[in-house]
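An overview of the molecular structure
Listed below, chain by chain, are the residues.
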Amino acid sequence: MTFGKWLKIKLKQNKIPQKTLAKEICVSENTVTSWVTDNREPSIRNFKWIVKFIAMQEQVPEYDVYNEASSFF
């Protein structure tokens, strides 16, 4: 599995549109699309914002999401 596939699954599971993630972490929607299609990987800074946002949506500790996501990053 890749980080992009992981992110796509997380967005779908939590019913989060790519547009919403983009707005929340201050990137363009095209940037999020490039991540979920594995054309690019996020910067470390954006990776941390993604983890924080997903953890907040799932109401789980950030380190749980970080540990899961970092195995694909």
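Note that residues are indexed from 1 along each chain, following the sequence as it is written. Note on the predicted model: pLDDT of at least 70 is required for a residue's local features to be given, and 80 or more for side-chain atom pairs to be given and counted; whole-chain, interface and lining totals, by contrast, use all residues. The basis for every side-chain value is the complete set of non-hydrogen atoms in the structure, without hydrogens or water.

1. Digging into the overall build of the protein
Cut-off, in case you're wondering: Each helix is a run of DSSP H or I of at least 4 residues and each strand a run of E of at least 2, with the numbering of both proceeding from the N terminus. We compute the radius of gyration from the C-alpha atoms alone; for a globule the expected value is 2.2 Å times N to the 0.38, where N is the number of residues. Buried, partly exposed and exposed residues are distinguished by accessible area as a fraction of the type maximum, computed with a 1.4 Å probe on protein chains only: under 20%, between the cut-offs, and over 50%, respectively.
Counting its regular elements, the protein contains 5 helices and 0 strands. Seen in sequence order, the protein has helices and strands lined up from the N terminus as α-α-α-α-α. Its C-alpha radius of gyration of 11 Å places the protein within 12% of the 11 Å reference for a compact globule of 73 residues. The principal-axis extent of the C-alpha atoms belonging to the protein is close to 30 × 20 × 20 Å. Here the protein, with 73 residues, has 36% of them falling under the buried criterion.

2. Description of the packing of aromatic side chains
Our working rule: Aromatic pairs are defined between Phe, Tyr and Trp rings, using the six-membered ring for Trp, whenever the two ring centres lie within 6.5 Å; interplanar angles under 30 degrees are classed as stacked, those over 60 as edge-to-face, and all others as tilted.
Considering all chains together, one arrives at 3 aromatic pairs under this definition. Here the aromatic rings of Phe 3 and Phe 47 are separated by 5.6 Å at their centres, their planes lie at 55 degrees, and the arrangement is tilted. With Phe 3 in helix H1 (residues 3–13) and Phe 47 in helix H4 (residues 44–58), this pair connects stretches of sequence that are 44 residues apart. The buried category is assigned to Phe 47, whose relative accessible area is 3%. Chaining the aromatic ring pairs together yields one cluster made of Phe 3, Trp 6, Phe 47 and Tyr 66.

3. Quick word on the packing of H1 against H4
For the record, the criterion: Each axis is a line fitted through C-alpha atoms, and for a helix only the stretch in contact is used; angles between axes span 0 to 180 degrees, taken between their N-to-C directions. For this classification, under 35 degrees means roughly parallel, over 145 means roughly antiparallel, 65 to 115 means roughly perpendicular, and everything else is oblique. The sense of a crossing depends on the near helix, which, turned anticlockwise from the far helix by less than a right angle, makes the crossing left-handed and, turned clockwise, makes it right-handed. Contacts are residue-level and defined by heavy atoms, with any inter-residue pair within 4.5 Å sufficient. Only Asp, Glu, Lys and Arg are considered charged, only Ala, Val, Leu, Ile, Met, Phe, Trp, Tyr, Cys and Pro nonpolar, and every remaining residue, Gly among them, polar.
Remark: H1 packs on H4, axes separated minimally by 11 Å, with the N-to-C direction vectors making an angle of 30 degrees. The orientation of H1 with respect to H4, classified from their angle, is roughly parallel. Both H1 and H4 take part in a crossing whose hand is left-handed. Contacts between H1 and H4 involve Phe 3, Trp 6, Leu 7, Lys 10, Leu 11 and Gln 13 from the first element and Phe 47, Ile 50, Ile 54 and Glu 58 from the second. Among the residues forming the contact of H1 with H4, the class breakdown is 7 nonpolar, 1 polar and 2 charged.

4. Looking at H1
Rules: By arc we mean the arc of the directions from the helix axis to the C-beta atoms, nothing more.
The complete set of buried residues in H1 reads Phe 3, Gly 4, Trp 6, Leu 7, Lys 10 and Leu 11. The buried side chains of H1 occupy one side of the element, clustering within an arc of 160 degrees when seen end-on. Among the exposed residues of H1, those oriented more than 90 degrees off its buried face are Lys 8, Lys 12 and Gln 13. Turning to H1, the residues buried within the fold contact helix H2 (18–25), helix H3 (29–36), H4 and helix H5 (62–70). Lys 15, located one to two residues past H1, shows a positive phi value of around 55 degrees.

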